[in-house]
Amino acid sequence: MLTATATRGSGVFDSVSYVQRLNTRGGLAPSGACSQGAQIGVDATVRGLS
């Protein structure tokens, strides 16, 4: 289970607190260092429950 730390916009997932990732494919972690507050997108396919 992953804790949702932020959401954007309004819709079905605007009040999600937790996400359970299932059947994850791809989504490798970035190779470089990260900085606080930075966001980066990665190609991944995830089937999840919230």
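Definitions and limits used
- Residues numbered from 1 in each chain as written.
- Predicted model: local features only at pLDDT ≥ 70, side-chain atom pairs only at ≥ 80, totals over all residues.
- Heavy atoms only, no water.
- Helix = DSSP H or I, 4+ residues; strand = E, 2+ residues; numbered from the N terminus.
- Rg over C-alpha atoms; globule rule 2.2 N^0.38 Å.
- Buried < 20%, exposed > 50% of the residue type's maximum accessible area, 1.4 Å probe, protein only.
- Contact = heavy atoms within 4.5 Å.
- Areas by Shrake-Rupley, 256 points an atom, 1.4 Å probe, with all protein chains shown as cover.
- pLDDT = per-residue confidence, 0-100.

Below, the discussion takes up the overall build of the chain. Scanning the chain from N- to C-terminus turns up zero helices and three strands. In terms of C-alpha radius of gyration, the chain reaches 12 Å, well past the compact-globule figure of 10 Å for 50 residues. By its C-alpha atoms, the chain is 30 × 25 × 15 Å across when sized along the principal axes. With 50 residues in all, the chain has 2% of them scored as buried. For the chain, the share of sequence-separated contacts (at least 6 apart) that also reach a separation of at least 24 residues comes to 36%. As displayed, the chain offers around 4700 Å² of accessible surface, 50% of which is attributable to carbon and sulfur atoms.

With that settled, the discussion passes to the environment of L2. With respect to the helices and strands, the residue L2 is situated in strand β1 (residues 2-3). Separated by 39 residues in sequence, L2 and G41 place their C-alpha atoms 17 Å apart. With residues near it in sequence (within four places) discarded, L2 still touches S17, Y18, V19 and R21.

Another aspect to go through is the environment of P30. Relative to the helices and strands, P30 resides in the loop between β2 (18-26) and β3 (44-49). The exposure class assigned to P30 is partly exposed, which follows from its relative accessible area of 46%. Once the C-alpha coordinates of P30 and I40 are considered, the two residues, ten residues apart in sequence, prove to be 8.2 Å apart.

Turning next to the confidence of the model for the chain. On average, residues of the chain score 77 in pLDDT, and 92% of them reach the 70 mark or higher. Within the chain, β1 carries the highest mean pLDDT (82), whereas β3 carries the lowest (69).

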